[in-house]
Amino acid sequence: MSAVPHDDDPLAAIGAALDNPAPAPALAEQGERVDEDGAGDDDEPWPLDAPIQPLGMSSGLDGTQRCYYLNVLGEIVGLEAGNKHGKGHLMGLFGHKSRFLENQWPQWSKPVREQINGKWEVVIPSKVVGFDQPKAMKAMIMECSRRGIFDPAGRLRGRGAHRLTGGGLVVHYGDELGTLLPRANGDLKPLQFHPTGLHDRFVYPAGMALPRPWPKSVPPEAAITISDLLKTWNWRRPHLDPILLLGAIGQGYIGGALPWRSNVWITGGRGTGKSALNGRPDEGQGIIPQLYGDALFRTGNTSAAAIRQSLKNSTVPVMIDEAEASGDNKKITEVVELARVASSGDKMHRGGQDHTAHEFTLQSPFWFSSINIPPLEGSDISRLAILELRPFRAGQVAPDFGRYNFEDLGRKLQRRMIDAWPILAETKGAYHRALATAGHDSRACDQFGTLLACAWLLLNDEVPDEEEVHDWSKLCAPNRLAEISDAISDEDKCINQLMTELVQPRGRDSREAVSELLGRWLHGRTSTLAPVAGEDKGLYLEQLGLKVVNPKAKGDGKWGAEAFMPYAAPGFLAIANVHNQLNAIYEGSRWQGGTWRQTLARVEHAIPSVTVSFAGRKIRATLVPLYALMDEDELPDLCRREAVAQWMAEQTGEAGA
């Protein structure tokens with residue numbers, strides 16, 4: 001297409017020319033080659049009409065050389081230059097167009113000659129009996145060499161959405177690419193389709209076809225239909241959860257291109273309608289899988305390795321059904337770890353039997369479903385929208401799913417998300433700012449802001465105004481979200497393991513928790529009542545690697561410790577950085593082997609690396625404020641959080657700053 005002239009606007013004319021480039025003139029006929037390096041390369045050029053595409057080659061330290069091709073079906077294939085270019089492998093590359101091999105590199109039979117009337121004459125002329133494998137191999141390997149070094153790592157993009165340089169979008173449908181390409185002025189072109197293969201520096205290998213978006217832009221009626229349908233379930237948060245779920249559905253169509261992917265966990269007892277949402281479509285269930293069609297990797301009992309190997313470089317959504325808690329949660333924990341990595345997007349590498357590293361793309365949104373959610377780390381819970389279903393109300397009738405064409409509805413939702421891509425970042429940014437103002441940290445702003453933005457754009461055609469965003473941010477206040485308010489930090493878990501450990505002091509008939517032992521010792525030091533005779537809890541605490549002290553600022557950021565005086569300075573618990581008894585308490589946990597000191601040093605107002613005497617032995621320790629370990633109501637005023645914060649500021653010269 002030629003550029004449209006803009007006589008009155010030179011910049012517009014330049015932009016039009018860049019957006020509509022004309023084909024370059026032919027400077028040489030097919031078959032001509034310029035020997036730029038003077039190396040005398042007079043071999044035949046690679047045929048432009050070849051049904052396969054050489055990509056390049058790479059070499060290993062072990063002497064192997066591997067050539068990479070896109071075969072006749074558009075799949076990427078790597079063949080060793082030494083022994084993998086035999087006739088069978090070449091036939092596999094060219095497939096149903098193997099006749100090209102014979103036409104380009106024919107192998108001729110010898111002519112049959114007979115002596116007739118004293119002369120040798122050809123009675124059966126030469127004919128093509130196949131292809132010349134050495135010539136074909138030579139041409140292919142040489143062309144890979146001409147194309148240069150090719151390393152598949154970081155260059156392959158599988159089915160699903162991917163972000164383009166300049167803010168564009170590409171959705172890999174397996175047999176075709178849908179693109180929103182950047183214009184010269186930064187705007188995006190309308191949706192266009194292109195063949196798979198090599199584009200810019202990325203390779204989009206062909207695969208099984210995925211459902212296409214609706215052929216033209218559509219109004220939000222399809223999204224309204226699905227939104228109204230989702231509201232018929234009995235959600236614990238009836239106003240918020242259906243919208244978050246709608247946003248998760250929209251996110252799945254373009255999730256691989258997003259900077260953050262929000263994972264979802266649908267939970268509820270039997271009879272709450274989980275299967276109707278994400279069950280097996282072949283059993284007449286699962287409206288969400290029906291909306292996605294083949295653009296979803298859905299599985300039940302699986303492993304992290306199976307998911308990696310199935311996805312490879314795909315970014316389609318992953319749905320894990322029946323992710324139930326069990327006696328051994330190792331399998332599901334590993335899958336959740338995958339989802340954690342996929343949230344922010346990354347690559348994973350695993351060694352293979354061929355002694356080469358295999359790369360896996362992790363940019364898929366994850367869905368989980370179960371009656372009970374297994375024990376999860378705080379870092380994993382903060383990456384989840386937990387949507388809880390309750391039993392249906394008495395007399396509530398299930399919708400007639402048979403009247404919905406979920407395949408068409410899914411294609412329309414997909415088109416809505418693609419058309420909304422140019423304003424998605426702005427919309428998400430508005431929600432992100434509002435959620436941050438409401439008190440959320442950056443991760444929660446990403447988590448819920450992404451879902452709210454996708455839901456909004458399915459239902460609307462423009463960026464939301466401040467009032468609308470503010471209303472939704474109030475519904476997502478941190479104290480209203482169990483995903484946020486119920487999350488326990490790594491520091492708190494480390495403290496809990498220490499304080500709930502049962503120990504048995506010498507002379508005692510029963511075991512007691514460290515927290516109880518510490519509390520009774522503090523009570524004896526701060527109470528006017530005399531301590532129980534014969535009990536030296538302080539010494540026993542020291543034998544555990546624990547000691548209550550007052551910190552003492554020495555200047556230049558250095559700290560020491562003094563004997564605990566409850567009304568002289570705030571009380572801190574010195575926890576030895578290295579200690580056999582603490583090793584036993586933390587054995588088998590992530591804090592074992594002294595790692596507890598790293599976690600405890602992150603506690604607010606903690607003081608790391610202070611020398612403290614434990615039962616006559618000086619050991620480096622981490623000082624943790626008592627208010628982080630015990631109920632503040634049981635502590636002297638000077639040991640409470642506000643008092644500690646003020647005292648610390650005074651000691652470090654930051655008071656009043």
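Here the structure is a predicted model, which is why all the values come from computation and not from measurement.

1. Re the overall build of the chain
- When you go through the chain residue by residue, the secondary structure sums to 21 helices and 27 strands.
- Of the contacts made within the chain by residues no fewer than 6 positions apart, 62% connect residues no fewer than 24 positions apart.
- For the chain, the accessible area works out to roughly 33900 Å², and carbon and sulfur atoms hold 49% of it.

2. Topic: the sheet that holds strand 11 (residues 192-194)
- Strand order across the open sheet formed by four strands is 8-9-10-11, with antiparallel pairing between neighbours. Pairing within the sheet leaves two strands with one partner each, and these edge strands are strand 8 (160-163) and strand 11. Each neighbouring strand pair of the sheet contributes to a mean axis angle of 25°, computed without reference to strand direction.
- As paired elements, strand 10 (residues 177-180) and strand 11 share three bridges and run antiparallel to each other. For Gly178, the partnering residue across the bridge sits in strand 11 and is Phe193.
- Lying over the sheet, helix 12 (residues 406-437) contacts strand 8, strand 9 (169-172) and strand 10, oriented at roughly 155° with respect to strand 9.

3. Topic: helix 2 (residues 87-94)
- Considered for burial, the residues of helix 2 that qualify are Leu90, Leu93 and Phe94. Down the axis of helix 2, the sector holding all buried residues measures 90°, keeping them to one side.
- Where helix 2 is buried, its residues touch strand 2 (65-70), strand 3 (76-80), helix 3 (99-104), strand 7 (128-131) and helix 4 (133-147).

4. Let's talk about empty space enclosed by the protein
- Inspection of the entire model under this criterion finds one cavity of 30 Å³ or more.
- Estimated volume of the largest cavity: approximately 40 Å³.
- Around the largest cavity sit Asn263, Val336, Ala339, Arg340, Phe368, Asp380, Arg383 and Leu384, which together line it.
- Split into classes, the residues belonging to the lining of the largest cavity amount to four nonpolar, one polar and three charged.

5. Some points on the sheet that holds strand 3
- The strand order across the open sheet built from three strands is 1-2-3, with neighbouring strands paired in antiparallel fashion. Here the strands that pair on one side only, and so sit at the sheet edges, are strand 1 (53-59) and strand 3. Adjacent strand axes in the sheet meet at a mean angle of 25° when their direction is disregarded.
- In the packing of helix 4 onto the sheet, the strands contacted are strand 1 and strand 2, and the crossing angle to strand 1 comes to about 75°.

6. Some points on the packing of aromatic side chains
- This structure, assessed with the given rule, holds 14 aromatic pairs.
- When the ring of Tyr68 is compared with that of Phe150, the centres are 5.4 Å apart and the planes differ by 55°; the resulting orientation is tilted. Separated by 82 residues along the polypeptide, Tyr68 in strand 2 and Phe150 in the loop between helix 4 and strand 8 bring together distant segments of the chain. We note that Tyr68, like Phe150, is buried.
- Counting every residue linked through ring pairs, the aromatic cluster contains Trp46, Phe94, Phe100 and Trp105.

7. Quick word on the pairing of strand 19 (residues 366-370)
- Counting buried positions along strand 19 gives five out of five residues, so the element sits mostly inside the fold.
- Side chains of strand 19 alternate between two faces, with Phe366, Phe368 and Ser370 and Trp367 and Ser369 buried alike.
- Bridge analysis of strand 14 (residues 263-267) against strand 19 gives four bridges, and the strand direction is parallel. Looking across to strand 19, one finds that Thr267 is bridged to Ser370.
- Looking at chain direction, strand 16 (residues 318-320) and strand 19 are connected through three bridges and run parallel. Residue Ile320 lies in a different strand from strand 19, and its bridge partner there is Phe368.

8. Description of a positive patch on the surface
- Positive charge collects at one region of the surface, where Lys554, Lys558, Lys618 and Arg620 lie side by side.
- On the basis of relative accessible area, Arg620 is assigned to the partly exposed category, the value being 41%.

9. A closer look at the side chain of Asn550
- Assignment of secondary structure puts Asn550 in strand 23 (residues 546-555).
- A polar atom in the side chain of Asn550 sits 2.6 Å from the backbone nitrogen of Met565.
- Within the structure, Asn550 has its side chain in polar contact with the backbone oxygen of Pro570 (distance 2.9 Å).
- Ignoring anything within four residues of it in the chain, the contact list for Asn550 reads Gly560, Ala561, Glu562, Ala563, Phe564, Met565, Ala569, Pro570 and Gly571.

10. Some details on helix 21 (residues 641-652)
- Under the 1.5 Å per step criterion, the end-to-end length of helix 21 is 16 Å for twelve residues, consistent within 8% with the ideal 16 Å.
- Tucked into the core, helix 21 has its buried residues touching strand 23, strand 24 (558-563), strand 25 (572-576) and strand 26 (607-614).
- Count one or two residues on from helix 21 and you reach Gly653, which has phi positive near 80°.

11. Topic: the nonpolar core
- With 90 residues, the main nonpolar core has Ile249, Leu277, Trp367 and Phe368 as its most contacted residues.
- Examining the composition of this core, we find that twelve residues originate from one element, helix 12, more than from any other.
- Setting aside chain neighbours within four positions, we find Ile249 in contact with Ile226, Leu230, Ile288, Leu291, Tyr292, Trp367 and Leu413.
- Counting residues in each nonpolar core, the second largest holds 49 residues, with Leu498, Leu573, Val610 and Val624 among its members.

About the cut-offs
- Residues numbered from 1 in each chain as written.
- Predicted model: local features only at pLDDT ≥ 70, side-chain atom pairs only at ≥ 80, totals over all residues.
- Heavy atoms only, no water.
- Helix = DSSP H or I, 4+ residues; strand = E, 2+ residues; numbered from the N terminus.
- Contact = heavy atoms within 4.5 Å.
- Areas by Shrake-Rupley, 256 points an atom, 1.4 Å probe, with all protein chains shown as cover.
- Pairing = 2+ DSSP bridges.
- Axes fitted to C-alpha atoms, helices over the stretch in contact; angles between N-to-C directions.
- Buried < 20%, exposed > 50% of the residue type's maximum accessible area, 1.4 Å probe, protein only.
- Arc of directions from axis to C-beta.
- 1 Å grid on protein atoms, 1.4 Å probe; cavity = no way out; pocket = protein on both sides within 12 Å on 5 of 7 lines; lining within 4 Å.
- Points joined across faces, edges and corners; volume = space filled by probe spheres on them.
- Nonpolar A, V, L, I, M, F, W, Y, C, P; charged D, E, K, R; others polar.
- Phe/Tyr/Trp six-rings, centres within 6.5 Å; stacked < 30°, edge-to-face > 60°.
- Patch = residues over 30% accessible without salt bridge, like charges linked within 9 Å, V, L, I, M, F, W, Y side chains within 5 Å.
- Salt bridge = Lys/Arg side-chain N within 4 Å of Asp/Glu carboxyl O.
- Lys, Arg positive; Asp, Glu negative; His and termini not counted.
- Charge placed at Lys NZ, Arg CZ, Asp CG, Glu CD.
- Polar contact = N/O pair within 3.5 Å; in protein donor to acceptor, adjacent residues only side chain to side chain.
- Expected span 1.5 Å × (residues − 1).
- Core = buried A, V, L, I, M, F, W, Y, C linked by side-chain atoms within 4.5 Å.

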